Protein chains: 2
Amino acid sequence: MGIRIGILGYGNLGRGVELAVGHCPDMELAGVFTRRDPAGVKIATAGVGVYPLDRAEAMADEIDVMILCGGSATDLPQQTPRFARLFNVVDSFDTHANIPQHFAQVDAAAKAGGKVAAISVGWDPGMFSLNRLLAQSILPQGQSYTFWGKGVSQGHSDAIRRIDGVKDARQYTIPVPQALEAVRAGSAPELTTRQKHTRECFVVAEEGADLARIEREIVAMPNYFSDYDTTVHFISQEELERDHSGIPHGGFVIHTGKTGGENNHVIEYSLKLDSNPEFTASVLVAYARAVCRMNREGQSGCKTVFDVPPAYLSPLSGEELREHLL
Amino acid sequence: MGIRIGILGYGNLGRGVELAVGHCPDMELAGVFTRRDPAGVKIATAGVGVYPLDRAEAMADEIDVMILCGGSATDLPQQTPRFARLFNVVDSFDTHANIPQHFAQVDAAAKAGGKVAAISVGWDPGMFSLNRLLAQSILPQGQSYTFWGKGVSQGHSDAIRRIDGVKDARQYTIPVPQALEAVRAGSAPELTTRQKHTRECFVVAEEGADLARIEREIVAMPNYFSDYDTTVHFISQEELERDHSGIPHGGFVIHTGKTGGENNHVIEYSLKLDSNPEFTASVLVAYARAVCRMNREGQSGCKTVFDVPPAYLSPLSGEELREHLL
């Protein structure tokens, strides 16, 4: 039986899920749920309904996995526990400090409903977390490093846009090449925040705005920029749209460790993504397959990437996997 | 309760397992089993017994996981089914064509004994397989490539040593840099065997041997060298021992795929290992932890890296993993 997917929230991530489902012959899109007026939401898949979010509960029998595509700040803390009672769900919750609380709430809801929920799925948290776990389990006498970028940080771009006189902005996080090389060389360096990443900002200012003041406010902004070497470029709206309209991202998880006292080993996992939301969506869809299967086998409760046997992510059978991929 | 590890077969891999167990506070080495005369086998861990292989069965109550460190050609096809009846076991079986048969035999034995067996554990098969599976599940519209090296191939080194007039030899498998770059660029190239890897041989000839004939025999050897661009260097035994006594290896799993028709993504996993057997052993030990836990939870049967939830590889609790690694 095919896996019927619901998408809750139709922004960049929701559209990415729709595209990813289209690449999976074992899945079909069963509905899109939105807080907006459904009449105003045009989706890419012909013949699939767009419904108001509050209709979701009534359609519990028509959907095997609901993929929750809202934000971590306010949407998912409410939505994931709410819908995990009625649906198998997958979310990309990434507010790290609140993961234990989110896990507990979703676990209780999913167990009460006899459903499986996978939270914090994507690439970080997600594939990067999985690689940190694998590497540290294999080489416990070692050191893991995570670098992000080159890529667009939505949060940092938003922070710049809130500055007085800024019309639009795009911020790139960039790993420092020398830091990457030092880590790969196995020297297990202690790296400060400033030594690991630089930040590059492309800013469209309002006409007549004080550019020097805007630049000062950006580079001095606590948490976001003050701990980094930050470069600010003022460009036109046209240049921003022409050169910086993509949402690329990526990064590196590098673990170096020793065995036998003197033998060094380097484990490196890296991603280079043209579209952060479309890749994240592709990970969510693979885990949707897994939660559906785990639930059909009788499991319930909250899972993370740490708890899912990798075979459940693939449409191939155990025999096929052993023959073709092992 | 700590995990009591047995090592069966005390060559390079078995010694690597002993070192890896020493880095795991939740494990202890309970015994080493050998086909040689135990009196002649000196191990590194004080106070641990060395026993003849046939004593293993009598010690079933003293060992939680037996790590089988024999070869895939003749040892493991016999040993893994034999010992999977009495012990949780882990092996590194890597004769790809025979994996389905090996899996079936080990699965039957482990189920009969109520034990868990993990086969084909290491880095390829093993971590590389896992990365092929993850990448292909996330980006089904894509292409996976595996490159090996730079590293020593024991099988190819042995093949050279069998040539008349050769005293000793060491063979390195080397990925072709242009092939790596073409794959990373996302062009999904079709690559022949010759385009992916080169082979470099360091050969010690017997005095008076016909070097030109030896070189011709190497580069023309079917399966091993004839499909590759192969370089042969004749060196002295002293040079071989000084410059080529290590057993480094590694490689790359690169998957490129598209989403939304035009966005490219590159997933790359790579290993750079000073000691192939010590790293492989470290992977075996992490999976020993997993099979022990799975068996304590009541599971039985044969598993591969595809079937093991990653959390089982780590000594940390679910709470700790979510807090520190997710």
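Small disclaimer: the values here were computed from a predicted structure and weren't measured. Note on numbering: residues in each chain are counted from 1, in written sequence order. Chain letters start at A and ligand numbers start at 1, both assigned in the order the entries are written. In keeping with the predicted nature of the model, local features appear solely for residues at pLDDT of at least 70, side-chain atom pairs appear and are counted solely at 80 or more, and the whole-chain, interface and lining totals rest on all residues. In computing side-chain values, all of the structure's heavy atoms are included and hydrogens and water are not.

Things to note about the side chain of S72(A)
All names here are of chain A.
Okay, step 1: Put simply, DSSP H or I for four residues or longer makes a helix, DSSP E for two residues or longer makes a strand, and each gets a number counted from the N terminus. Considering the arrangement of structural elements, one finds S72 in the loop between β4 (65-68) and α2 (75-84).
Okay, step 2: Since its relative accessible area comes to 13%, S72 is described here as buried.
Okay, step 3: As used in this structure description, the phrase polar contact means that two N or O atoms lie within 3.5 Å; if the pair is within protein, one of them must be able to donate a hydrogen and the other to accept it, and residues adjacent in sequence are counted only when both atoms belong to side chains. Among the polar contacts made by the side chain of S72, one reaches the side chain of D94 at a distance of 2.8 Å.
Okay, step 4: The criterion used for residue contact is that any of the two residues' heavy atoms lie within 4.5 Å. Excluding its chain neighbours within four sequence positions, the residues that come into contact with S72 are P77, S92, F93, D94 and T95. Burial classes: relative accessible area under 20% of the type maximum marks a residue as buried, over 50% as exposed, and values in between as partly exposed (1.4 Å probe, protein chains only).

Thoughts on the sheet that holds strand β1 (residues 3-8) of chain A
Residue and element names in this part refer to chain A.
Okay, step 1: The seven strands lie next to each other as β3-β2-β1-β4-β5-β6-β14, forming an open sheet whose pairing is parallel. Looking at the sheet topology across the chains shown, the edges are occupied by β3 (50-52) and β14 (301-303). Sheet twist, expressed as the average angle between the axes of neighbouring strands with direction ignored, equals 25°.
Okay, step 2: Bridging between strand β6 (residues 116-118) and β14 involves three bridges; their strand directions are parallel. Across the sheet, residue A118 finds its bridge partner in β14, namely K303.
Okay, step 3: Only the stretch in contact is used when a helix axis is fitted, and all axes are lines through C-alpha atoms; the angle between N-to-C directions ranges over 0 to 180 degrees. Across the sheet, helix α3 (residues 99-113) touches β6 and β14, and the angle it forms with β14 is around 135°. When DSSP finds at least two bridges between two strands, those strands are taken to pair.

Details of the pairing of strand β9 (residues 166-175) of chain B
All names here are of chain B.
Okay, step 1: Summarising burial for β9: nine of the ten residues are buried, a large majority.
Okay, step 2: Note: β9 against strand β10 (residues 197-205), nine bridges, orientation antiparallel. Across the sheet, Q171 pairs through a bridge with C201, a residue of β10.

Points about the pattern of salt bridges
Residues and elements named next belong to chain A.
Okay, step 1: Here a salt bridge means any side-chain nitrogen of Lys or Arg lying within 4 Å of a carboxyl oxygen belonging to Asp or Glu. All chains considered together, the criterion is met by 32 salt bridges over all chains.
Okay, step 2: Measuring nitrogen to oxygen at the nearest pair gives 2.9 Å for the salt bridge that ties R161 to D168.
Okay, step 3: The partly exposed category is assigned to R161, whose relative accessible area is 26%.
Okay, step 4: The exposure class of D168 is buried, given its relative accessible area of 17%.
Okay, step 5: One salt-bridge network, held together by shared partners, links R4, D64 and R296.

Observations regarding the interface of chain A and chain B
Okay, step 1: Listed by partner, the interface residues are 59 residues for chain A and 59 residues for chain B.
Okay, step 2: Summed over both partners, the accessible area (1.4 Å probe) lost when two parts come together is defined as the buried area. With both chains or domains summed, chain A and chain B bury close to 5,400 Å², and 65% of this area falls on carbon and sulfur atoms.
Okay, step 3: It is R322(A), L325(A) and L326(A) in chain A that bury the most area against chain B; as a group they hold 15% of the surface buried on that side.
Okay, step 4: Of all the secondary structure elements, the ones that give two or more residues to the side of chain A that touches chain B are α3, α4 (127-138), β12 (249-259), β13 (263-273), α10 (276-296) and α11 (318-324) of chain A.
Okay, step 5: Take the side of chain A that touches chain B: its biggest share by element is eleven residues, from β13(A).
Okay, step 6: In terms of strand pairing, β13(A) meets strand β13 (residues 263-273) of chain B through nine bridges, oriented antiparallel. Note that in β13(B) the partner of L273(A) across the bridge is H265(B).

As for the sheet that holds β10(B)
Residues and elements named next belong to chain B.
Okay, step 1: An order of β8-β9-β10-β11 is seen for the four strands of this open sheet, with the pairing classed as mixed. Both edges of this open sheet fall to β8 (151-152) and β11 (229-234), since each of them pairs with a single strand only.
Okay, step 2: Where β8 meets β9, two bridges bridge the pair, whose relative direction is antiparallel. When the sheet's bridge partners are listed, G151 is paired in β9 with T173.
Okay, step 3: Taken strand by strand, helix α5 (residues 154-161) contacts β8, β9 and β10, and its axis lies near 145° from that of β9.

Focus: the relation of the copies chain A and chain B
Okay, step 1: Here the copies were fitted onto each other by least squares, based on C-alpha atoms from residues at pLDDT of at least 70 in both. Mapping chain A onto chain B calls for a screw motion: a turn of 180° about the axis and a shift of 0.0 Å along it, with 0.0 Å RMSD after fitting. With respect to symmetry, the two chain copies, as superposed, fit the operation of a two-fold axis.
Okay, step 2: When you check the interface residues of chain A against chain B, 100% turn up at the interface there too, and the contact is symmetric in its surfaces.

Some points on the environment of G298(A)
Okay, step 1: Looking at where G298(A) falls in the secondary structure, it is placed in the loop between α10 and β14.
Okay, step 2: As for G298(A) and K115(A), which are separated by 183 residues in sequence, their C-alpha atoms are 8.6 Å apart.

Some thoughts on the packing of aromatic side chains
Okay, step 1: Planes of paired rings set the category: under 30 degrees apart is stacked, over 60 is edge-to-face and the rest tilted, where pairs are Phe, Tyr or Trp rings (Trp by its six-membered ring) whose centres lie within 6.5 Å. Following the criterion strictly, the structure yields ten aromatic pairs over all chains and no others.
Okay, step 2: Arranged with centres 6.3 Å apart and planes meeting at 50°, the rings of F83(A) and F87(A) form a pair that is tilted.
Okay, step 3: On the basis of relative accessible area, F87(A) is assigned to the buried category, the value being 0%.
Okay, step 4: Taken together, a centroid distance of 5.2 Å and an interplanar angle of 75° make the contact between W123(B) and F128(B) edge-to-face.
Okay, step 5: With a relative accessible area of 7%, W123(B) lands in the buried category.

A word on the packing of helix α2 (residues 75-84) of chain B against helix α3 (residues 99-113) of chain B
Residue and element names in this part refer to chain B.
Okay, step 1: At a minimum axis distance of 7 Å, the contact between α2 and α3 shows a crossing angle of 20°. Taken as axis vectors, α2 and α3 run roughly parallel relative to one another. Two packed elements cross with a definite hand, and for α2 against α3 that hand is right-handed. Contacts between α2 and α3 pair L76, P77, T80, P81 and A84 from the former with H102, Q105, V106, A109 and A110 from the latter. Here roughly perpendicular refers to angles of 65 to 115 degrees, roughly parallel to angles under 35, roughly antiparallel to angles over 145, and oblique to all remaining angles. Here is the rule for handedness: rotate from the far helix to the near one, and if that takes an anticlockwise turn smaller than a right angle the crossing is left-handed, while a clockwise turn gives right-handed.

Considerations on the pairing of strand β4 (residues 65-68) of chain B
All names here are of chain B.
Okay, step 1: What you see with β4 is no split at all: V65 and I67 on one side and M66 and L68 on the other are buried throughout.
Okay, step 2: Two strands pair when backbone bridges link them, and β4 and strand β5 (residues 88-90) are joined in this way by three bridges, in the parallel orientation. Bridge assignment links V65 to a residue of β5, and that residue is N88.
Okay, step 3: We call a crossover right-handed when, viewed with the strands running away from us, the connection from the first strand over the helix to the second turns clockwise. Considered for its hand, the β-α-β crossover made up of β4, α2 and β5 is right-handed.

Side note on the nonpolar core
In a soluble, globular protein the nonpolar side chains are often hidden away together inside.
Okay, step 1: What makes a nonpolar core is a set of buried Ala, Val, Leu, Ile, Met, Phe, Trp, Tyr and Cys residues whose side-chain atoms join them at distances within 4.5 Å. Ranked by size, the top nonpolar core spans 163 residues in total, and within it Y287(A) and Y287(B) carry the most contacts.
Okay, step 2: Apart from the residues lying within four places of it in its own chain, the contact partners of Y287(B) are V90(B), V121(B), M127(B), L130(B), V305(B), V308(B) and L313(B).

Some words on the environment of T193(A)
Okay, step 1: Considering the arrangement of structural elements, one finds T193(A) in helix α7 (residues 193-196).
Okay, step 2: When near neighbours in sequence (up to four residues on either side) are disregarded, T193(A) contacts D227(A) and Y228(A).

Considerations on the packing of helix α1 (residues 12-22) of chain B against helix α10 (residues 276-296) of chain B
Two measures define how a pair of helices packs: the angle their axes make with one another and the distance between the axes.
Residues and elements named next belong to chain B.
Okay, step 1: Where α1 meets α10, the axes come as close as 8 Å, and the angle between the chain directions of the two elements is 55°. Between α1 and α10, the crossing angle belongs to the class labelled oblique. Considering the relative orientation of α1 and α10, their crossing is right-handed. Of the residues in α10, those touching α1 at N12, L13, G16, V17, L19, A20 and V21 are P277, E278, T280, A281, S282, L284 and V285.
Okay, step 2: Residue polarity follows a fixed list, in which Ala, Val, Leu, Ile, Met, Phe, Trp, Tyr, Cys and Pro are nonpolar, Asp, Glu, Lys and Arg are charged, and the others, Gly among them, are polar. When the residues that make up the contact of α1 with α10 are grouped by side-chain class, the tally is nine nonpolar, four polar and one charged.

Some words on α5(B)
Residue and element names in this part refer to chain B.
Okay, step 1: Taken together, the buried positions of α5 are H156, S157, A159 and I160. One side of α5 holds all its buried residues, which, seen down the axis, span an arc of 160°.
Okay, step 2: Of the surrounding elements, those touching the buried residues of α5 are β8, β9, β10 and α8 (211-219). Along the arc lie the directions from the helix axis toward the C-beta atoms.

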